Amino acid sequence: MNDFRSPAFDLLSSVTSQKEGLETESIELTELQHLCERSNVGREIFDLIVDLYPICRSITGDGIRQTLSVMTQFIPLQQHEVPSGTPVLDWTVPKEWNIRDAYVANARGERVIDFQRNCLHVVGYSAPVNGRFHLNELKKHLFTIPEHPDWIPFRYSYYDRNWGFCLAHRDLEKLEDGEYEVLIDSSLEDGLLTYGEYYLPGSSTDELLISAHIDHPAMCNDNLSGVAVATLLAQYLSRVQNRRLSYRFIFIPTTIGSITWLSRNEATLDRIKYGFTLTCIGDNGGFTWKETRRGGTEIDRAVKCALRESKEEYELWGFTPFGFDERQFCSPGFNLPVGSLFRTGPYRYPQNHTSADDLTLMSPEKLAGSVALIARIVTILEGNASYFNTSPKGEPQLGKRGIYRKIGGPVIQQNLLHLFWVLNYSDGEHSLLDIAEMSQFAFSDLRKAANILLEQGLLVPSTQILD
Ligand code: ZN
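The rules behind these values
Residues numbered from 1 in each chain as written. Predicted model: local features only at pLDDT ≥ 70, side-chain atom pairs only at ≥ 80, totals over all residues. Heavy atoms only, no water. Core = buried A, V, L, I, M, F, W, Y, C linked by side-chain atoms within 4.5 Å. Buried < 20%, exposed > 50% of the residue type's maximum accessible area, 1.4 Å probe, protein only. Helix = DSSP H or I, 4+ residues; strand = E, 2+ residues; numbered from the N terminus. Pairing = 2+ DSSP bridges. Axes fitted to C-alpha atoms, helices over the stretch in contact; angles between N-to-C directions. Domains from an automatic or database assignment. Expected span 1.5 Å × (residues − 1). Donors = N, O, S within 2.8 Å, 3.2 Å for Na, K, Ca; no water. Contact = heavy atoms within 4.5 Å. Polar contact = N/O pair within 3.5 Å; in protein donor to acceptor, adjacent residues only side chain to side chain. Phe/Tyr/Trp six-rings, centres within 6.5 Å; stacked < 30°, edge-to-face > 60°. Lys NZ or Arg CZ within 6 Å of the ring centre and 35° of its normal. Salt bridge = Lys/Arg side-chain N within 4 Å of Asp/Glu carboxyl O.

S.K.: Which parts of the structure should I look at to understand the nonpolar core?
M.R.: General note: in soluble globular proteins, nonpolar side chains tend to be found buried as a group. Membership of the largest hydrophobic core comes to 145 residues, with the highest contact counts inside it found for F165, F249 and F251. Considering every element that reaches this core, the biggest residue donor is helix 7 (residues 220-237), with 11 residues.

S.K.: Please explain the sheet that holds strand 5 (residues 111-114) as it appears in this structure.
M.R.: Backbone hydrogen bonds are what pair the strands of a sheet, in a parallel or an antiparallel way. Strands sit in the order 5-4-9-6 across an open sheet of four strands; the sheet is antiparallel. One side of each edge strand has no neighbouring strand; the edge strands of this open sheet are strand 5 and strand 6 (129-134). Within this sheet the neighbouring strands show an average axis-to-axis angle of 20°, counted without direction. Note that strand 4 (residues 96-105) and strand 9 (residues 179-189) share nine bridges and pair antiparallel. Of the residues in strand 9, the one forming a bridge with V104 is V182.

S.K.: Would you mind going over the domain arrangement of the protein with me for this structure?
M.R.: When the parts come together, some accessible area is lost, and that loss is often what is quoted as the size of the interface. The domain architecture assigned to the protein consists of domain 1 (10-93 + 192-383), domain 2 (97-189) and domain 3 (386-466). Once you take the C-alpha centre of each, domain 2 and domain 3 turn out to be 64 Å apart.

S.K.: Explain helix 15 (residues 443-455) to me, please; I cannot follow it from the model alone.
M.R.: Residues spaced three or four apart along an α-helix face the same direction, because each turn holds 3.6 residues. Across its 13 residues, helix 15 extends 18 Å between first and last C-alpha, which sits within 8% of the 18 Å expected from 1.5 Å per residue. For helix 15, the complete set of buried residues consists of F443, L446, R447, A449, A450, I452 and L453. Looking one or two residues beyond helix 15, the residue adopting positive phi is G457, at roughly 75°.

S.K.: Whenever I open this one, the coordination of the zinc ion confuses me. Can you help?
M.R.: For a metal bound by four donors in tetrahedral geometry, the ideal donor-metal-donor angle is 109.5 degrees, whereas six donors in octahedral geometry ideally sit at 90 or 180 degrees. Protein coordination at the zinc ion comes from H216 (NE2), D222 (OD) and H353 (NE2), with a distance range of 2.0 to 2.1 Å. Here the donor residues for the zinc ion map to a single chain with the spacing H-x5-D-x130-H. Residue class for H216 comes out buried when judged on its relative accessible area of 7%. Classification of D222 by relative accessible area gives buried; the value is 2%.

S.K.: Mind showing me how you'd approach the environment of E110 here?
M.R.: Its place among the elements puts E110 in the loop between strand 4 and strand 5. On the accessibility criterion, E110 (39% relative accessible area) is partly exposed. For the pair E110 and L381, spaced 271 residues apart in the sequence, the C-alpha separation amounts to 58 Å. When residues no more than four places from it in sequence are discounted, the contact partners of E110 are V104 and A105. A distance of 3.3 Å separates a polar atom in the side chain of E110 from a polar atom in the side chain of R108.

S.K.: So what exactly am I meant to see when it comes to the packing of aromatic side chains here?
M.R.: Both the distance between ring centres and the angle between the ring planes are used here to describe each pair of aromatic rings. Evaluation of the coordinates by the stated rule reveals 15 aromatic pairs. Geometrically, the ring pair formed by F154 and Y156 is tilted, given 5.1 Å between the ring centres and 50° between the ring planes. The exposure class of Y156 is partly exposed, given its relative accessible area of 41%. Ring plane angle 70° and centroid distance 6.4 Å describe the contact between W261 and F329, whose orientation is recorded as edge-to-face. You can see W261 sitting in helix 8 (residues 256-264) and its partner F329 sitting in helix 10 (residues 326-329), a full 68 residues away along the chain. Among the residues examined, F329 registers a relative accessible area of 0% and is labelled buried. Members of the aromatic cluster, joined through ring pairs, are W91, W97, Y125, F154, Y156, Y158 and Y159. Seen from the ring of F287, R343 lies directly overhead, with NZ or CZ sitting 3.9 Å from the centre.

S.K.: Looking at this model, I keep getting lost on the side chain of N221. Mind explaining?
M.R.: On the secondary structure map, N221 appears in helix 7. Since its relative accessible area comes to 0%, N221 is described here as buried. For N221, the side chain forms a polar contact with the main-chain nitrogen of G282, separated by 3.0 Å. At 2.8 Å, the side chain of N221 and the side chain of D283 are in polar contact.

S.K.: Got a minute to help me understand unusual backbone geometry in this structure?
M.R.: Most peptide bonds take the trans configuration, and most residues that are not glycine carry a negative phi. Of the consecutive residues D222 and N223, the connecting peptide bond is found in the cis state with omega at 5°. Within the element layout of this structure, N223 appears in helix 7. Although it is not a glycine, N335 sits at a positive phi angle of roughly 50°. You can see N335 is positioned in the loop between helix 10 and strand 16 (338-342).

S.K.: I'm lost on the environment of E44 in this one. Help?
M.R.: Position of E44 relative to the elements: it lies in helix 3 (residues 41-52). Judged by relative accessible area, which is 11%, E44 ranks as buried. When the C-alpha atoms of E44 and L68 are compared, they prove to be 17 Å apart, with 24 residues separating the residues in sequence. Engagement of the side chain of E44 in a polar contact is seen with the side chain of R38, the distance being 3.5 Å.

S.K.: Mind showing me how you'd approach the pattern of salt bridges here?
M.R.: Working definition: two side chains of opposite charge can pair if their charged atoms are close together. What the rule picks out here adds up to 25 salt bridges. Across the pair R65 and E96 runs a salt bridge whose closest N-O atoms are separated by 3.0 Å. Residue R65 is found in helix 4 (residues 62-71), and its partner E96 is found in strand 4; the two are separated by 31 residues along the sequence. You'll find R65 and E96 in the same group, each marked buried. Residues R376 and E309 are paired through a salt bridge, measuring 3.1 Å at the closest nitrogen-oxygen approach. Placement of the pair is R376 in helix 11 (residues 364-383) and E309 in helix 9 (residues 298-310), with a sequence separation of 67 residues. What emerges from the salt-bridge pattern is a single network uniting D62, R65, E81 and E96.

As structure tokens, then:
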């Protein structure tokens, strides 16, 4: 995208118009999937990405605050701030970085590299600079991608005091020999690390954690897609009145944010029964689920069940100690059941961490597919339970209980199979998710069958505690 708006772009007008389009009445859990499949949901998410795109974010600073304040138009996020110098696990909260302007100007005073055109032009966390440099000296601080000469790379130097500019290789080649004026009007001072959190309580304290990194400047798939999908999902979930599970959404700077959050929430981490990091979720690729470090946990299985039902292409990856913030959640001292959900994985698309990760990579249709998939995952987690068949000796006579009439319809045989599977495996040892895996039937169909059988007293909830 060449149409960059300055960081001072007025965000409020478009946000307000979006918000007016969102409905707020409460819904039943069974309606969540439908809500997330509405035709305009992808456009709503896309529009939020458009609003957040130009903001200059980093791991600390006003860009994160500005981003969170836009999101607050959708969900009442809590903003947490942790002072620089605070020890967090093996790390320390860094100084806060803010930037007002930066450029490289030639002898004629023309800005040949200009932060106001694209905030990616400045290496994140660049120390302030104000001086004149010969091109040879300046080049030590310039970064390009020669194999993609039109793209600006995303570079940062968070923990090493330095400065630099990123630019298209084609523009580097145009720089004439001579002296350049260099200004980086930034500050790197004791301040705060900011992150956002939104907690939606359910009747159980068991939590699903959804984590999206929020620090990347002016790039879409990584990770405004994750931020925007999570925001709209949270908005829809807040309307569900009969939530069993509790939900925790965290919007954090990469690595230091998850480390800070973990360090401040260690006492209650045992509530997290399921979780995933949400990133790179708006491109045209199929889905990828990267398993939790434990592997085979209920979230791994619920996601696989939802993927199988989604009709989209997908890949399953085993856990690796690399990637996004799941590295921290799945570090051996925590080993939380947290996987990672994305479409085209990190480092698998050449535009990743460049200016080419722009709005043209975002597909409203795929964004809608992503939020619909998560709604399906949520519905499975909410509805999963195990039961005892109260008439386990032989098949119970369904006809005399009027069950055939209840399940009537064009695919009566199919519906009968759902009932038989649920009745047979409701032995206290198999959950509905187990039965979905064995039978390959849709989870929602088995859930419906279980509801009919519960009504008829043919099932009772198992006292067995599900893992
Ligand atoms: Zn990234």
